[in-house]
Amino acid sequence: MSEALSGRIAVIGWGSLIWDLDDLAPKVTGAWAMRAGPVLPFEFSLVSRKRKMGLAVCLDPSNGDHCPTHAIASIRSDIHEAAEDLYLRERSPAVEYIGAYCAGTGFLRTRLPDVGDAVRDWCDAIGAAGAVWTDHASNFSDQTGEAFSVERGAAYLSGLTGESLEEAVRYIEFAPETTCTPLRRALSQAEWWREAAERYAATLSER
């Protein structure tokens, strides 16, 4: 399906964007090209106010694993307009938190040079006009006072209650299975997490 991205600006996704385009929906066209995006490093190490203080997935080369990503075509032909669309969907603090690459001009914005190189090489390989992606960094240390680790991430999640825990379970369980990070693998083996996921699944069947 990467042929559908040739000559287009691609939106790269790996988390909730896949199952919830939200207000980005009218600004993209076609279907997600699953596993067609660049392979990038991820971990669920971002404490997210949007996700009720649960852990969201972010680009994290220090703690994460490299995982396949997915791509969908933007309706825009201008890289800055495509970045603005994603910025508004993500409710990012500023548009600078959206990574962007334009093949025609060479414009590249990212906090992670290796990610920028990977996106550029991917765009060149499939003939995409460019790409935009969420460029948020892990804030786990800033929010908790401790450096991220799988054990600390799991402990943080186990301390959540009510809507915060429900949203954490929903977000991580609904993430594409390809976003298989060290923390997600550990959680899949944790009895308390499996029980929380089963409770959440039961609430869905009752709705």
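Each residue is numbered by its place in its chain's sequence as written, counting from 1. Given that this is a predicted model, residues contribute local features only at a pLDDT of at least 70 and side-chain atom pairs are listed and counted only at 80 or more, while totals for whole chains, interfaces and linings are drawn from all residues. For the side-chain quantities, the full set of heavy atoms in the structure was used; hydrogens and water were omitted.

A. The packing of aromatic side chains, seen in detail. Any pair of Phe, Tyr and Trp rings, taking the six-membered ring for Trp, is counted once the centres come within 6.5 Å. Such a pair is stacked with planes under 30 degrees apart, edge-to-face with planes over 60 apart, and tilted for the rest. Under the criterion given, the structure shown has seven aromatic pairs. Ring centres 5.2 Å apart and planes at 85° place the aromatic pair Trp-19 and Phe-174 in the edge-to-face group. Separated by 155 residues along the polypeptide, Trp-19 in the loop between β1 (9–13) and β2 (28–33) and Phe-174 in helix α5 (residues 162–174) bring together distant segments of the chain. Pairing Phe-174 with Tyr-200 gives two aromatic rings, centres 6.2 Å apart and planes at 65°, and the pair type is edge-to-face. Note that Phe-174 is positioned in helix α5 and Tyr-200 in helix α7 (residues 191–206), a separation of 26 residues in sequence. Accessibility here uses a 1.4 Å probe with only protein chains present; expressed as a share of the type maximum, an area under 20% marks a residue as buried, one over 50% as exposed, and anything in between as partly exposed. Residue classification places Tyr-200 among the buried residues on the basis of a relative accessible area of 8%. Through a chain of ring-to-ring contacts, three or more aromatic side chains come together here, namely Trp-19, Phe-174 and Tyr-200. Helix numbering and strand numbering both begin at the N terminus, where a helix is a DSSP run of H or I of at least 4 residues and a strand a DSSP run of E of at least 2.

B. Summary view of the layout of surface pockets. Site definitions follow a grid-based scheme: protein atoms alone, a 1 Å grid, a 1.4 Å probe that fits but cannot get out for cavities, and for pockets an open set with protein on both sides within 12 Å along at least five of seven lines, plus lining residues having an atom within 4 Å of a point. Grid points are joined across faces, edges and corners, and a volume is the space filled by probe spheres set on the points. Of the pockets and cavities examined, the largest pocket occupies roughly 560 Å³. Around the largest pocket sit 31 residues that line it, and Leu-46, Ser-48, Ala-56, Glu-90 and His-136 are the ones nearest its centre.

C. Expanded view of the pattern of salt bridges. Salt bridges are counted wherever a side-chain nitrogen of Lys or Arg sits within 4 Å of a carboxyl oxygen of Asp or Glu. All told, the structure shown has ten salt bridges when counted by the stated rule. Here Arg-185 ties to Asp-65 by a salt bridge, and the two come within 2.7 Å at their closest N and O atoms. With Arg-185 in helix α6 (residues 182–188) and Asp-65 in strand β5 (residues 65–67), this residue pair connects regions lying 120 residues apart in the sequence. What makes Asp-65 partly exposed here is its relative accessible area of 26%. Here the salt bridges do not stand alone but share partners, grouping Asp-22, Asp-23 and Arg-91 into one network.

D. Spatial organisation of the sheet that holds strand β7 (residues 98–102). Each pair of strands is called paired provided DSSP finds at least two bridges between the two strands. Reading across the sheet, the six strands line up as β2-β6-β1-β9-β7-β8 and stay open at both edges, with mixed pairing between neighbours. Each edge of the sheet is formed by a strand with only one pairing partner; in this case those strands are β2 and β8 (108–109). Inspection of the sheet shows β1 paired to strand β6 (residues 70–74) by four bridges, in the antiparallel sense. Within β6, the position partnered with Ile-12 by the bridge is Ala-71.

E. Representation of the sheet that holds β5. With antiparallel pairing, three strands are arranged side by side in an open sheet as β4-β3-β5. Looking at which strands have only one partner, the edges of the open sheet turn out to be β4 (54–59) and β5. Ignoring strand direction, the axes of neighbouring strands in this sheet form an average angle of 50°. Alignment of strand β3 (residues 40–48) against β4, held across five bridges, turns out to be antiparallel. Each residue of the ladder has a partner; that of Glu-43, found in β4, is Cys-58. Should any heavy atoms of two residues lie within 4.5 Å, those residues are considered in contact. Here, axes are lines fitted to C-alpha atoms. For helices the fit covers the stretch in contact, and angles between N-to-C directions go from 0 to 180 degrees. Docked against the sheet, α5 engages β3 and β4, running at close to 35° with respect to β4.

F. Focus on the environment of Glu-151. Inspection of the secondary structure puts Glu-151 in helix α4 (residues 150–158). Judged by its relative accessible area of 59%, Glu-151 is exposed. Each C-alpha atom of the pair Glu-151 and Leu-187 lies 9.8 Å from the other, and the pair is 36 residues apart in sequence.

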